[in-house]
Amino acid sequence: SAVISQKPSRDICQRGTSLTIQCQVDSQVTMMFWYRQQPGQSLTLIATANQGSEATYESGFVIDKFPISRPNLTFSTLTVSNMSPEDSSIYLCSVDRTSGRGEQFFGPGTRLTVL
Amino acid sequence: AQTVTQSQPEMSVQEAETVTLSCTYDTSESDYYLFWYKQPPSRQMILVIRQEAYKQQNATENRFSVNFQKAAKSFSLKISDSQLGDAAMYFCAYRRLGGSRLTFGEGTQLTVNP
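No experiment lies behind these values; they were computed from the predicted model shown.

Rules used in this analysis
- Residues numbered from 1 in each chain as written.
- Chains lettered and ligands numbered in written order.
- Predicted model: local features only at pLDDT ≥ 70, side-chain atom pairs only at ≥ 80, totals over all residues.
- Heavy atoms only, no water.
- Contact = heavy atoms within 4.5 Å.
- Buried area = accessible area lost by both parts, 1.4 Å probe.
- Salt bridge = Lys/Arg side-chain N within 4 Å of Asp/Glu carboxyl O.
- Polar contact = N/O pair within 3.5 Å; in protein donor to acceptor, adjacent residues only side chain to side chain.
- Helix = DSSP H or I, 4+ residues; strand = E, 2+ residues; numbered from the N terminus.
- Nonpolar A, V, L, I, M, F, W, Y, C, P; charged D, E, K, R; others polar.
- Disulfide = S-S within 2.5 Å.
- Buried < 20%, exposed > 50% of the residue type's maximum accessible area, 1.4 Å probe, protein only.
- Pairing = 2+ DSSP bridges.
- Phe/Tyr/Trp six-rings, centres within 6.5 Å; stacked < 30°, edge-to-face > 60°.

A.B. asks: With reference to specific residues and values, describe the interface of chain B and chain A.
C.D. replies: Each side of the interface is counted separately: chain B has 18 residues, and chain A has 26 residues. Buried surface at the junction of chain B and chain A, summed over both partners, amounts to about 1,700 Å²; 46% is from carbon and sulfur atoms. Applying the counting criterion to the chain B and chain A interface returns 3 salt bridges. Measuring nitrogen to oxygen at the nearest pair gives 3.0 Å for the salt bridge that ties Arg50 of chain B to Glu103 of chain A. On inspection of chain B and its partner chain A, the count reaches 13 residue pairs in polar contact (both at pLDDT 80 or more). Within the residue set of the side of chain B that touches chain A, elements represented by two or more residues are β5 (32–39), β6 (46–52) and β10 (88–96) of chain B. Examining the composition of the side of chain B that touches chain A, we find that 4 residues originate from one element, β5 of chain B, more than from any other. Residues of the side of chain B that touches chain A, tallied by class, amount to 8 nonpolar, 5 polar and 5 charged.

Given below as structure tokens:
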């Protein structure tokens, strides 16, 4: 399995500011994924990040609000821009298992609170 | 669009007993993966078990097993000999073969009573 780390693990931010979340993997992976988990709810895919190309966003998520970078095969960032209290969530990154068995491994998540 | 439904928001079980968590899904695809993930209070998502749709044999992982009914689009998780450490939120998830997105159910909060 992949070892995935995220920074920060948690943060409290003011309305209108932006926060960049980092995701680091211990091995090269083709695709990295960013999910949002709102309080008491399930996970929803925000976007898929491929190295060397623009991220692919799911319906309801836009690049201006959630810009993503993928500079190499082991690292990605997600920025939550112009935050509002509705952005308070856990943000998780994940990667595919390299053997193509379908499952994704998840990072420990970033708990974001927006005041 | 694929949907995943978990009809039990909460379940409880006595330590050492067996519990079954339910999951149904909707898809028009014939090849796909199904998963159960566990999320303890630490919020780390942990893969519990996986099932490939083309395999008729139900997957098992130690105390965890599934009942996969493809025609009924049902994928339940059985936990045997429940332990206190099994207490967590359990999510059922679907992934189309060749697709990137995991589609999650709403989750079932499992409590294990000593």
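And the narrative resumes.
A.B. asks: Tell me about the state of the cysteines, residues and numbers included.
C.D. replies: In protein structure, a disulfide is the covalent linkage between the sulfur atoms of two cysteines. Across all of its chains, the model carries 2 disulfides over all chains by this definition. Here Cys23 of chain B is linked by a disulfide to Cys92 of chain B, with a sulfur-sulfur distance of 2.0 Å. Taking the sign of the torsion about the S-S bond as the criterion, the disulfide between Cys23 of chain B and Cys92 of chain B, at about -70°, is left-handed. Pair noted here: Cys23 of chain B is in the loop between β3 (19–21) and β4 (24–26) and Cys92 of chain B is in strand β10, with a separation of 69 residues, a long-range link. An identical accessibility class is assigned to Cys23 of chain B and Cys92 of chain B; each is buried. Free of any disulfide, Cys13 of chain A has its nearest cysteine sulfur in Cys93 of chain A, 17 Å distant.

A.B. asks: So what's going on with the pairing of strand β9 (residues 74–79) of chain B? Which residues, and what values?
C.D. replies: All names here are of chain B. Two elements, β3 and β9, share 3 bridges in a ladder whose sense is antiparallel. When the sheet's bridge partners are listed, Thr20 is paired in β9 with Lys78. Both strand β8 (residues 64–69) and β9 contribute to a ladder of 6 bridges, which runs antiparallel. Pairing of Ser65 across the sheet is with Lys78, part of β9.

A.B. asks: Outline the packing of aromatic side chains, listing residues and values.
C.D. replies: Tallied over the entire structure, the rule returns 15 aromatic pairs over all chains. With a centroid separation of 5.9 Å and 85° between ring planes, the pair formed by Tyr35 of chain A and Phe104 of chain B is classed as edge-to-face. With Tyr35 of chain A in strand β4 (residues 31–37) and Phe104 of chain B in strand β11 (residues 103–104), this pair bridges two chains. Accessibility expressed as a relative area gives 0% for Tyr35 of chain A, which makes it buried. For Phe104 of chain B, a relative accessible area of 8% corresponds to the buried category. Ring centres 5.3 Å apart and planes at 35° place the aromatic pair Tyr32 of chain B and Tyr94 of chain B in the tilted group. Separated by 62 residues along the polypeptide, Tyr32 of chain B in strand β5 and Tyr94 of chain B in strand β10 bring together distant segments of the chain. Following the ring pairs from residue to residue traces out a cluster consisting of Tyr35 and Phe106 of chain A together with Tyr33, Phe35, Tyr37, Phe91 and Phe104 of chain B.

A.B. asks: Which residues make up the side chain of Ser84 of chain A, and what are the values?
C.D. replies: Here Ser84 of chain A shows up in the loop between β8 (75–80) and β9 (89–96). A polar contact of 2.9 Å, which involves the side chain of Ser84 of chain A, links it to the side chain of Glu86 of chain A.

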